[in-house]
Amino acid sequence: MRSEVIHEMRPILKLVMSFLIVVTLAACGAKPQGPVSLEEVEGPLVWGTATSVMRVRHLWFAGQPDEAGLEAAKEAGVTVVLDLRESSEREWDESEVVERLGLGYRNIGIPKQGPFPETSFAEIEAFIKANPDERILLHCSSGNRAAAWFTTHLVQTHGMSFPDALIIGRRTGVTSPVIVEKIAQYVGEEPPSDSAGVAPPPATDSTSRETLRARAAQIFGALPVEASSESNPITEAKLRLGRMLYYESRLSKNHDVSCNSCHALDRFGVDNEPTSPGHRGQRGNRNSPTVYNAALHVAQFWDGCAADVEEQAKGPVLNPVEMALADAQDAVAVLKSIPGYVAFFQNAFLEDSDPVTFDNMARAIGAFERRLVTPSRFDAFVTGDDSALSDTELDGLEAFLDVGCTTCHMGPPVGGLLYQKLGLVHFYETEDTGRHSITGSDADRYFFKVPSLRNVVKTAPYFHDGSIEKLEDAVRLMAWHQLGRELSDADAEAIVTFLGSLTGQVDPGLIARPEMPASGPQTPQPDPS
């Protein structure tokens, strides 16, 4: 029997996610041998604040969705909503929305505390079997319990082995060791003894390498050579202009700050400071993330306040703490005062009668940044080079997968594709409310864009405030606060070792500091005020 599972996705308010994952199972009743095979399926899906999203044949399964999530479920073909929450857990009552959308509805409350509710689980299975022609959305307020039911479903209904089902369960929301023990008791199995939940096979033999490669390829995919954009096609003229503008400090009030000041291309796109100094040495309250591979992300900045790198390029120029120009007209005046730039803009934007504009400045910088993609030894391994990673790095990759890091860090950038609550499982103390400061929605409180882990060993310090200096500390904190896992020393060390394989390369000629065009007589002078 072939079953399909969508890999876990965390809350993404009205953003399209297309990383849907299929789990291929053996014939009904047979237990597949070895790790589960994963492959992408086509089609974007929008879920509001669902904490996890999966699919098995005609069955959709999610954490508590908001109204946008229910609307997206209807668009995806869902016909019935099966609510697994008890009434006391309902943060909102979706009955009105369900009725408006013309969906069927049934409630089966699963108690939050106590032993696994066998009768409730049996009722869920019975409902699904009795409605084979319906496309059913199940949801619960707890990602742990939601994924726990799903794990038992894989074992009992689809005949999957408990270790393989638990691999899926961990990726789709099972983060609590207590829940793992309860699942084991319910399905009549022994709980795993290792910290990852499933004892990993040795990664050094050829069969295991191929299995590991297949798992990695399906979760991360292939890194493109550039982050192309239909609205801003990359041309050599734009690249040349964008590289100059990236280094252009005259776009700052005192002529002493450029894009490269905070995102140094010779330092893997960062400045290695907790927060970056801008105009008059002022500092913001967030760490400057790397520019490398950023154009592949779902949005820009920690809070996602810019849709793409083109929009992001406008922000620092006008930010009073960063480059501090008064407005877009000031930026255009500077550029038009430099004769060389006028010619470069005309060459890059041939169809524009007035090519020197603030928007075109951002398009040129964006085109340049879309080429800042860093292939690494990890990509060589994924594409077939067995010698690209050491045995210890392969062990680290396996730990990274099995611990559940790919819950958030997925896709070609190994992150950057969704927003996640900081402190999802265990509270993380921070005054910064993240995306909430942009949207004003309480549902977005403490949500931040998940950072990419490419080049992560080179981009310390870590987290949104740059408060964590050591990568191993960051790994341990994320395992605890996001997954509820206390990593063993061996797992933490192995994961950090693997992360080193994500250090990439970029064409030196692309990022070399260019010769800048000379100022003109009307070019404004530095202003330190």
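Our structure is the block above this text.
What you see is a predicted model; the values in this text were computed from it and never measured. Think of each chain on its own: its residues are numbered from 1, step by step along the sequence as written. With the structure being a predicted model, the display of local features is reserved for residues of pLDDT at least 70 and the display and counting of side-chain atom pairs for 80 or more, all residues being used for whole-chain, interface and lining totals. The side-chain values count all of the structure's non-hydrogen atoms but skip hydrogen atoms and water molecules.

Visitor: I would appreciate a short explanation of the overall build of the protein in the present structure.
Guide: The helix and strand labels rest on DSSP assignments: H or I over at least four residues marks a helix, E over at least two residues marks a strand, and numbering proceeds from the N terminus. Looking only at helices and strands, one finds 19 helices and 11 strands in the protein. Whether two residues touch is decided by their heavy atoms; if any such pair falls within 4.5 Å, the residues are in contact. Looking at the protein alone, contacts between residues at least 24 apart form 70% of all its contacts between residues at least 6 apart. When the accessible area of the protein is evaluated, it comes to approximately 21,900 Å², of which 50% is carbon and sulfur surface. What sets the accessible areas is the Shrake-Rupley method with a 1.4 Å probe; for residues, cover comes only from the shown protein chains.

Visitor: Help me understand helix H10 (residues 309-318) in this model?
Guide: Helical geometry: 3.6 residues make up each α-helical turn, so side chains three or four residues apart lie on a common side. We call a residue buried when its accessible area falls under 20% of the maximum for its residue type, exposed when it is over 50%, and partly exposed in between, using a 1.4 Å probe and counting protein chains only. Of the positions making up H10, those classed as buried are Val 309, Glu 310, Gln 312, Ala 313, Pro 316 and Val 317. The arc that holds every buried residue of H10, seen down its axis, measures 160°, which confines them to one face. Looking at the buried residues of H10, the elements they touch are helix H11 (328-336) and helix H13 (358-369). This arc is taken over the directions from the axis of the helix to the C-beta atoms.

Visitor: Where do I start with helix H15 (residues 391-403) in this structure?
Guide: The length a helix should cover is 1.5 Å for every residue beyond the first. Compared with an ideal rise of 1.5 Å per residue, which puts 13 residues at 18 Å, H15 spans 18 Å between its outermost C-alpha atoms and is within 8% of the ideal. Looking one or two places after H15, you find Gly 404, whose phi comes out positive at around 110°.

Visitor: Could you clarify how one ought to interpret the packing of aromatic side chains in this entry?
Guide: Aromatic ring pairs are reported here in terms of the distance separating the ring centres and the angle at which the planes meet. Only Phe, Tyr and Trp rings take part, Trp by its six-membered ring, and two of them pair if their centres are within 6.5 Å. Stacked means planes under 30 degrees apart, edge-to-face means over 60, and tilted covers everything else. Overall, the coordinates contain nine aromatic pairs when judged by the stated rule. Between the aromatic rings of Phe 427 and Tyr 446, the centroid separation amounts to 6.4 Å while the plane-to-plane angle is 90°, which identifies the pairing as edge-to-face. Taken as a pair, Phe 427 in the loop between strand E10 (419-421) and helix H16 (436-439) and Tyr 446 in the loop between H16 and strand E11 (447-449) lie far apart in primary sequence, 19 residues in all. Ring pairs connect the aromatic residues Phe 220, Phe 378, Phe 400 and Phe 498, which therefore count as one cluster.

Visitor: I tried to follow the nonpolar core on my own but got confused; where do I start?
Guide: Phe 220, Phe 378, Leu 397, Phe 400, Ile 495 and Leu 499 are the most contacted members of the largest nonpolar core, which has 42 residues in total. Counting residues per element, this core draws most heavily on H15, which supplies six residues. Look past the residues within four positions of Phe 400 in its chain and what remains in contact with it is Phe 220, Cys 405, Thr 406, His 409, Val 414, Leu 453, Ile 495, Phe 498 and Leu 499. Among buried residues, those of type Ala, Val, Leu, Ile, Met, Phe, Trp, Tyr and Cys that are joined through side-chain atoms within 4.5 Å constitute a nonpolar core. In this structure, Leu 245, Leu 251, Phe 349 and Ala 367 belong to the second largest nonpolar core, which totals 39 residues.

Visitor: Before we go on, may I ask you to explain the pattern of salt bridges in this structure?
Guide: In a structure, side chains of opposite charge can pair up when their charged atoms sit close to one another. For this analysis, a salt bridge means a side-chain nitrogen from Lys or Arg found within 4 Å of a carboxyl oxygen belonging to Asp or Glu. Enumeration according to the criterion identifies 20 salt bridges in this entry. Taking the shortest distance from any N to any O, the salt bridge between Arg 213 and Glu 210 comes out at 2.4 Å. Separated by three residues within a single helix, Arg 213 and Glu 210 lie in helix H7 (residues 206-220), roughly one turn from each other. Under the relative-accessibility criterion, Arg 213 is labelled buried at 7%.

Visitor: What exactly am I supposed to notice about the state of the cysteines here?
Guide: Here, the word disulfide means a covalent bond between the sulfur atoms of two cysteines. Two cysteine sulfur atoms form a disulfide, by the criterion used here, when they sit within 2.5 Å. Going through the model one piece at a time under the given rule, you end up with zero disulfides. Unpaired in this structure, Cys 262 has its nearest cysteine sulfur neighbour in Cys 259, at a distance of 8.8 Å. Unpaired in this structure, Cys 408 has its nearest cysteine sulfur neighbour in Cys 405, at a distance of 9.2 Å.

Visitor: Please explain the packing of helix H17 (residues 471-483) against helix H18 (residues 489-499) as it appears in this structure.
Guide: The description of two packed helices rests on the angle between their axes and on the distance between the axes. To get an axis, a line is fitted to the C-alpha atoms, and for a helix only the part in contact is used. The angle between two axes follows their N-to-C directions and goes from 0 to 180 degrees. Between H17 and H18, the shortest axis-to-axis distance is 10 Å and the interhelical angle comes to 120°. Comparing their axes, H18 and H17 come out oblique. In this structure, H17 crosses over H18, and the sense of that crossing is right-handed. Within the contact between the two elements, H17 uses Leu 471, Glu 472, Val 475 and Arg 476 and H18 uses Asp 489, Ala 492, Ile 495, Val 496 and Leu 499. To sort the angles, those under 35 degrees are grouped as roughly parallel, those over 145 as roughly antiparallel, those from 65 to 115 as roughly perpendicular, and the leftovers as oblique. Two helices crossing with the near one rotated counterclockwise from the far one by less than a right angle form a left-handed crossing, whereas a clockwise rotation gives a right-handed crossing.

Visitor: Explain the side chain of Arg 213 here, please?
Guide: Among the polar contacts listed, one links the side chain of Arg 213 to the backbone oxygen of Phe 381, at a separation of 2.6 Å. Separated by 2.4 Å, the side chains of Arg 213 and Asp 386 make a polar contact. For Arg 213, the contacting residues outside a window of four places in its chain are Phe 381, Val 382, Gly 384, Asp 385 and Asp 386. Each polar contact in these results corresponds to two N or O atoms within 3.5 Å; when the atoms are within protein, one needs to be able to donate a hydrogen and the other to accept it, and residues that are neighboring in sequence are counted only if both atoms are side-chain atoms.

Visitor: What exactly am I supposed to notice about the side chain of Ser 288 here?
Guide: By the element assignment, Ser 288 lies in the loop between helix H9 (259-262) and H10. According to the relative accessible area criterion, Ser 288 is buried, its value standing at 11%. Side chain to side chain, Ser 288 and Ser 276 meet in a polar contact 2.6 Å long. Dropping the residues within four chain positions of it, Ser 288 is found in contact with Cys 262, His 263, Val 270 and Ser 276.

Visitor: Looking at this structure, I do not really get the environment of Ile 468. What am I missing?
Guide: The topology assignment puts Ile 468 in the loop between E11 and H17. Residues Ile 468 and Pro 274, 194 residues apart in the sequence, show an inter-C-alpha distance of 8.5 Å. For Ile 468, the residues in contact, after removing those within four places along its chain, are Tyr 428, Pro 461, Tyr 462, Phe 463, Asp 473, Ala 474 and Leu 477.

Visitor: Even after reading the chapter, I still don't get the packing of helix H8 (residues 236-246) against helix H12 (residues 339-348), so can you show me in this structure?
Guide: Running from amino to carboxyl end, H8 crosses H12 at an angle of 145°, the nearest separation of the two axes being 8 Å. Here H8 runs over H12; the crossing is left-handed. Contacts between H8 and H12 involve Ala 237, Lys 238, Arg 240, Leu 241, Met 244 and Leu 245 on the former and, on the latter, Tyr 341, Phe 344, Phe 345, Asn 347 and Ala 348.

Visitor: Any chance you could explain the environment of Ala 313 here in plain terms?
Guide: You can see Ala 313 is positioned in helix H10. Ala 313 sits in the buried class, given a relative accessible area of 4%. Separated by 49 residues in sequence, Ala 313 and Ala 362 have C-alpha atoms that sit 5.4 Å apart. Those residues in contact with Ala 313 that sit more than four places away from it in its chain are Met 361, Ala 362 and Ile 365.

Visitor: Hey, could you run me through unusual backbone geometry in this one?
Guide: Negative phi characterises most residues that are not glycine, and trans characterises most peptide bonds. The omega torsion across Ala 460 and Pro 461 is 0°, close enough to zero to call that bond cis. Despite not being glycine, Tyr 446 shows a phi value in the positive range, around 70°. Residues other than glycine seldom take positive phi values, yet Phe 463 does so here, at roughly 80°. Tracing the chain through its elements places Phe 463 in the loop between E11 and H17. Among the residues examined, Phe 463 registers a relative accessible area of 12% and is labelled buried.

Visitor: Looking at this model, I keep getting lost on the pairing of strand E7 (residues 80-83). Mind explaining?
Guide: Put simply, side chains in a regular strand alternate between the two faces of the sheet. Taking every second residue as pointing to the same face, both faces of E7 are buried, with Val 80 and Leu 82 on one and Val 81 and Asp 83 on the other. Two strands qualify as a pair provided DSSP detects at least 2 bridges between them. With four bridges joining them, E7 and strand E8 (residues 104-107) adopt parallel strand pairing. For Leu 82, the partnering residue across the bridge sits in E8 and is Arg 106.

Visitor: In this structure, what is going on with the environment of Cys 405? I would like to understand it.
Guide: By the element assignment, Cys 405 lies in the loop between H15 and E10. Residue classification places Cys 405 among the buried positions, given a relative accessible area of 16%. For the pair Cys 405 and Ala 479, spaced 74 residues apart in sequence, the C-alpha separation works out to 7.6 Å. Residues contacting Cys 405, with those up to four places away along its chain left out, are Phe 400, Leu 483 and Ile 495.

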